[in-house]
Amino acid sequence: MHLFVTIPAINELDFIMGVLSDLSNQQSKNFTLVCCVNQPDSWWDDEKYVEICHNNVSTMEQIDSFCKLKNIPLILIDKCSKGKGWKGKECGVGWARKVLMDHVSKIASDDDIIVSLDADTRVEANYIAEIEKQFTVFTMASAMALPYFHRLQGKDAQKTSMLRYEIYLRCYAINLLRIDFPFAYTPIGSAMAARVSAYRKIRGLTATSSGEDFYFMMKLRKIGVIIPFCNTTVYPSSRVSNRVIFGTGPTVGMEADAQAAKYPVYSPDLFDEINKACAAFGEIFFTNSEKAMDKALKVFPDLEPEKLLKNNPSLIRFIHACYIKADAFAVYKYVKSNYTQSSDASSVQTLFKMLNYNCENLFLENTELHHQPIENLKKIRQILYEIEENLLKKKYNDYFAQRNNLKNPLWKFMS
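Keep in mind that this is a model prediction, so the values were computed, not measured. (Residues numbered from 1 in each chain as written. Predicted model: local features only at pLDDT ≥ 70, side-chain atom pairs only at ≥ 80, totals over all residues. Heavy atoms only, no water.)

Student: Tell me about the pattern of salt bridges, and name the residues and values.
Tutor: Throughout the structure, instances matching the rule amount to 19 salt bridges. The residue D64 makes a salt bridge to K68 at a minimum N-O spacing of 3.1 Å. You can see D64 and its partner K68 sitting in helix α2 (residues 50-70), 4 residues apart, about one turn around the helix. Residue D64 is classed as partly exposed on the basis of its relative accessible area, which comes to 28%. According to the relative accessible area criterion, K68 is exposed, its value standing at 58%. With a closest N to O distance of 3.8 Å, D78 and K84 form a salt bridge. One network of salt bridges, with partners in common, ties together E166, R170, R381 and E388. (Salt bridge = Lys/Arg side-chain N within 4 Å of Asp/Glu carboxyl O. Helix = DSSP H or I, 4+ residues; strand = E, 2+ residues; numbered from the N terminus. Buried < 20%, exposed > 50% of the residue type's maximum accessible area, 1.4 Å probe, protein only.)

Here it is as structure tokens:
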């Protein structure tokens, strides 16, 4: 097993030395760094972007010289020099990740690991060793979602925005973990890894303008278990960026009210309905009752249970087939479209309903989260981090207990 650490980079000259230094100090040296410095080729002829072009060329030189100095094996993909940049619509971080991972897939062995990182992310000294260890323990796992903790940067408004967004992410994940949903993880492009054999099986990453990490991890979960926890943490940046449509970069640059509207704290009641719908899958298989059908279709209208019953004669295969349809995107569509029907409560009230806390424990007054002082938001993030960590550890321990029972349906089917 060998690890290939993939990093897309654009305009990162002032930031990439941090992650390069972290990689040079790794306890395990069993990795090759694969970087794609990229930009549209047309930027060389545009005064607004020519400075970024020169930044990218300097970034390539810096990566190359540093890796030679530190004896880090390097594959450098030049998508920024004049004549070598992106042409047409195939551009952006999604395409850079795809080019990186596709290149690794061409040269790697099935058991090797593709590690996805960002140029402005920081990692701990056991980062490589821990990823290597976990894929060795879980031989049937297709991928891994690493623990994350965003670094706070910029002025207070940006820090508040970052905290508010991370609270949204953690609340969403906690609700999915609470109902034991198969897609219960947080897909972050700088905190994920995949086995090369799994990458080939899903036919690679699909490049999108935003959210490629979301769809990538969802496809990987459909073919195998995602390792939910490990003993290292990734520290993504919270820089403002408009290079993608959604995600951390553009979100932290939003006005508070706009961000709160786009990324609300969803009521746990919505996830309870999802849980009931998932519980109905088994009832559909055994009884084919209209009541069970209605319960499932209320949340997952595209399920097609009759067709799934016809094509999947065993219970475990039927439930797995249901989750292929009732996936992470189907859940997101459901909570997004039904949020307005359950949004009378403030985000603070919803949060504490979910956590079963009394608001007075943390808040001076019962207002919306984006109106809270930074220190309150830090406390909330820490509480959520610990709750999520405990839930992930429990899931990890359940997997660990079955690590040598490779005939267990767990490794092949979602249930």
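Next comes the rest of the description.
Student: Can you lay out the sheet that holds strand β2 (residues 31-38) for me, pointing to particular residues and giving the numbers?
Tutor: Across the sheet, 7 strands lie side by side as β3-β2-β1-β4-β7-β6-β8; this open sheet has mixed pairing. Pairing within the sheet leaves two strands with one partner each, and these edge strands are β3 (74-79) and β8 (226-227). Where β2 lies against β3, 6 bridges are found, and the strand directions are parallel. Across the sheet, C36 pairs through a bridge with I77, a residue of β3. Strands β1 (3-9), β2, β3, β4 (113-116) and β7 (192-195) of the sheet are contacted by helix α3 (residues 93-107), whose axis makes an angle of about 155° with β1. The sheet strands contacting helix α4 (residues 127-137) are β1, β2, β4, β6 (143-145), β7 and β8, and the helix crosses β4 at an angle near 135°. (Pairing = 2+ DSSP bridges. Contact = heavy atoms within 4.5 Å. Axes fitted to C-alpha atoms, helices over the stretch in contact; angles between N-to-C directions.)

Student: Run through the side chain of S142, naming residues and quoting values.
Tutor: Note that S142 resides in the loop between α4 and β6. Residues contacting S142, with those up to four places away along its chain left out, are F135, A194, R195, A198, L220, I223, G224, V225 and I226.

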